[in-house]
Amino acid sequence: MSLSQLARSICESPTLKLNETAALLREKGEPVIHLGGGEPKSKCPIDAVVSCANLLHTGDVKYTPADGIPALKKAIIRYTEEHYNRMVSADNVIVSSGAKQSIMVLLHAILDPKEEVIFPVPFWVSYPEMVKLAGGVPVPVAARDGSFQPSVEEIAEAVGPYTKAIILNSPNNPSGAVYSEEFVAGIVELCEKRSLYLIMDDTYNRLIFDGRQPTNCYRYTGVHNIDSSKLVVINCVSKMYAMTGFRIGWAVASKTIVRAMTNIQSQETSGPAAPSQWAAVGALNGVQSSIESLRLTLENNRNVLIKHLQAFDGVKVTKPGGTFYSFPDFSAFEKDSQKLSRFLLEKVRVVTVPGREFGMEGHLRISFCGTMKEITEGVDRIKWALDPNAPNELFLGDRKLVRDWR
Ligand SMILES: Cc1ncc(COP(=O)(O)O)c(C=O)c1O
């Protein structure tokens, strides 16, 4: 069957694929521990449920404006004022079906064929594919010192005549790194000097630890009129309110960008599902304590995971400053991260995501959004599988595993 060149050039999302694999194995009764997940375990806020149910009870569930319902835009405007100290109007906001769609529609709105989009390594798995889908060329930039944050100079060296945009995601999926304020300030300045779009993917902005405050990119802009700015801030309810299944995200940008994005979205999908938008209104306008409680749980999980990994000889681990991901270096055991991830799934039924998917070989993404038991038992299983001095047997429930490898 003939498929388009584009279809043939796009890979399946490896993280979604792993979710499916884990679910299938669990259905078969396999004792899988999923440390590859990308969503909090907690329930969504009750205010979201009530607000969504109120709409459903009317039975009047119809199309919405392509850029989102006014009540949600109002809640986003208030959120932007409260968390970014930035006054914006409804024309500066577009609501999409998840942050993913906001980024995708934005790339369609700004990229001409073969234009380049720069992002630091390691990067969220979807950026390269999304840039390709929009006809552009992904340009990942790795730090020469092997760290999770390249310097402003390294990013600047990658800027060329075809560069159209830079994407920053902090705290970062997969490393959990919170980029320094100086780095964000430097990239804002670079983009404004070179007239580039800056896409700030703030999906995990509120999930940060150790008493740090979320980075507010607007603090560093020299362009105070948002309608003249090429800075676009992406957010969503997915992670901070544990509402991944509702699929609501948004972009805050100049009127010109929002208008172009709205035209594209109106032709592609129309407005996001009305019940989901009302759920997001409920979450944003309701009691906010669930974010802090999730953040505290994640910080505690992070501490336990890191302690376990630090006690694991041969593993190099950098403490994540936010998100629910860690990105330890397992290259002392196996340099090919896909091979290692497959081995761990096959031998000890632990799901991890290979670092190669995020542009960094030798690493595995290990999530800490699961239960404490999953985290500790998962790492213990990995240790057993990799440590040649470990005892020969391991019990998974009442199933005995015997090592037949070294
Ligand atoms: C960095 C980053 N941006 C965007 C998204 C997508 O968010 P949503 O589920 O709202 O589409 C994710 C989801 O994993 C992510 O990790």
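Remember, it's a predicted structure, so these values are computed and weren't measured experimentally.

Chemist: Would you take a moment to explain the domain arrangement of the protein chain for this structure?
Modeler: Accessible area lost on assembly of the parts is the figure often given for the size of an interface. Assigned domains of the protein chain: these are domain 1 (5-43 + 289-402) and domain 2 (59-285). Facing the 34 residues of domain 1 at the interface are 31 residues of domain 2. Put simply, the parts of the chain that give the side of domain 1 that touches domain 2 at least two residues each are helix 1 (5-9), helix 2 (14-27), helix 11 (289-310) and strand 9 (325-326). With seven residues, the single largest contributor to the side of domain 1 that touches domain 2 is helix 11.

Chemist: Before we go on, may I ask you to explain unusual backbone geometry in this structure?
Modeler: Outside of glycine, negative phi angles account for most residues, and trans bonds account for most peptide bonds. Omega for the peptide link from valine 121 to proline 122 comes to -5°, which places this bond in the cis form. For the bond from serine 170 to proline 171, the omega torsion is -10°, close enough to zero to count as cis. Within the secondary structure layout, proline 171 lies in the loop between strand 5 (163-169) and helix 8 (181-194).

Chemist: Any chance you could explain the pairing of strand 14 (residues 399-402) here in plain terms?
Modeler: For a regular strand, side-chain orientation follows a simple rule: the groups alternate between the two sheet faces. Sheet topology places strand 13 (residues 393-396) next to strand 14; four bridges connect them, and they run antiparallel. Paired with leucine 396 across the bridge in strand 14 is arginine 399. Hairpin remark: strand 13 followed by strand 14, antiparallel, with two residues in the connecting loop; positive phi at glycine 397, about 65°.

Chemist: How should the sheet that holds strand 8 (residues 249-252) be read in this particular structure?
Modeler: On the basis of which strands lie adjacent, the open sheet formed by seven strands has the order 2-8-7-6-5-3-4 and mixed pairing. With one partner strand each, in any of the chains shown, strand 2 (93-96) and strand 4 (137-141) form the two edges of the open sheet. On average, adjacent strands in this sheet sit at an angle of 20° to one another, irrespective of strand direction. Sheet topology places strand 5 next to strand 6 (residues 197-201); five bridges connect them, and they run parallel. Looking across to strand 6, one finds that isoleucine 167 is bridged to isoleucine 199. Against the sheet, helix 6 (residues 126-133) engages strand 3 (116-120), strand 4 and strand 5, with an angle of about 155° to strand 4.

Chemist: Is there a simple way to think about the packing of helix 5 (residues 99-110) against helix 6 in this case?
Modeler: Angle between the axes and distance between the axes: these two values describe a pair of packed helices. At a minimum axis separation of 9 Å, helix 5 and helix 6 run at an interaxial angle of 40°. Between helix 5 and helix 6, the interaxial angle falls into the category oblique. You can see that helix 5 and helix 6 cross each other, and the crossing is right-handed. Contacts from Lys100, Ile103, Met104 and Leu107 in helix 5 reach Ser126, Met130, Val131 and Leu133 in helix 6.

Chemist: Sorry if this is basic, but what is going on with the packing of helix 12 (residues 337-348) against helix 13 (residues 372-386) here?
Modeler: One way to put it is that helix 12 packs onto helix 13 with a least axis distance of 10 Å and a crossing angle of 100°. When the axis of helix 12 is compared with that of helix 13, the two are roughly perpendicular. Within the contact between the two elements, helix 12 uses Leu344, Lys347 and Val348 and helix 13 uses Arg381, Ile382, Trp384 and Ala385. Tallied by class, residues from the contact of helix 12 with helix 13 come to five nonpolar, no polar and two charged.

Chemist: Where do I start with the site of the ligand in this structure?
Modeler: Residues in close proximity to the ligand total 13 residues, the closest being Gly98, Ala99, Lys100, Cys236 and Ser238. For the shell around the ligand, the per-class residue count stands at three nonpolar, eight polar and two charged.

Chemist: Looking at this structure, I do not really get the nonpolar core. What am I missing?
Modeler: Side chains that are nonpolar tend, in soluble globular proteins, to be buried together. Formed by 114 residues in total, the largest nonpolar core has its most connected members in Leu106, Ile166, Leu198, Ile199, Val232 and Met243. No other element matches helix 5, which puts eight residues into this core. There are two domains that each give this core at least three residues, and those are domain 1 (5-43 + 289-402) and domain 2 (59-285). Those residues within four positions of leucine 198 in sequence are excluded, and the remaining contacts are Ile166, Ile187, Val188, Cys191, Lys230 and Leu231.

Chemist: Help me understand the pairing of strand 3 in this model?
Modeler: Counting buried residues in strand 3 gives five out of five residues, a clear majority hidden from the surface. Of the two faces of strand 3, the one lined by Glu116, Ile118 and Pro120 and the one lined by Val117 and Phe119 are each fully buried. Here strand 3 pairs with strand 4 via five bridges, running parallel. Each bridged residue has a counterpart across the sheet, and for valine 117 the counterpart in strand 4 is proline 138. Considered for its hand, the β-α-β crossover made up of strand 3, helix 6 and strand 4 is right-handed.

Chemist: I would appreciate a short explanation of helix 5 in the present structure.
Modeler: Residues that lie three or four places apart on an α-helix share one face, since the helix turns once every 3.6 residues. Across its twelve residues, helix 5 extends 17 Å between first and last C-alpha, which sits within 8% of the 16 Å expected from 1.5 Å per residue. Extensive coverage of helix 5 is indicated by the burial of eleven of its twelve residues. Within helix 5, the full set of buried residues consists of Ala99, Lys100, Gln101, Ser102, Ile103, Met104, Val105, Leu106, Leu107, Ala109 and Ile110.

Chemist: Can you walk me through the sheet that holds strand 12 (residues 364-367) in this structure?
Modeler: Ordered by their spatial adjacency, three strands build an open sheet running 9-12-11, and the pairing between neighbours is antiparallel. Each of the sheet's edge strands pairs with one partner strand only, and the pair in question is strand 9 and strand 11 (353-354). Of the pairings in the sheet, the one linking strand 11 to strand 12 comprises two bridges and is antiparallel in character. Following the sheet pairing, valine 353 is matched in strand 12 by arginine 365.

About the criteria used
- Residues numbered from 1 in each chain as written.
- Predicted model: local features only at pLDDT ≥ 70, side-chain atom pairs only at ≥ 80, totals over all residues.
- Domains from an automatic or database assignment.
- Contact = placed C-beta atoms within 7 Å.
- Helix = DSSP H or I, 4+ residues; strand = E, 2+ residues; numbered from the N terminus.
- Pairing = 2+ DSSP bridges.
- Axes fitted to C-alpha atoms, helices over the stretch in contact; angles between N-to-C directions.
- Parallel < 35°, antiparallel > 145°, perpendicular 65-115°, else oblique.
- Left-handed = near helix turned anticlockwise from the far one by under 90°.
- Nonpolar A, V, L, I, M, F, W, Y, C, P; charged D, E, K, R; others polar.
- Near = placed C-beta within 6 Å.
- Core = buried A, V, L, I, M, F, W, Y, C linked by C-beta atoms within 7 Å.
- Buried ≥ 20, exposed ≤ 12 C-beta atoms within 10 Å, placed from the backbone.
- Right-handed = clockwise from strand over helix to strand, strands pointing away.
- Expected span 1.5 Å × (residues − 1).

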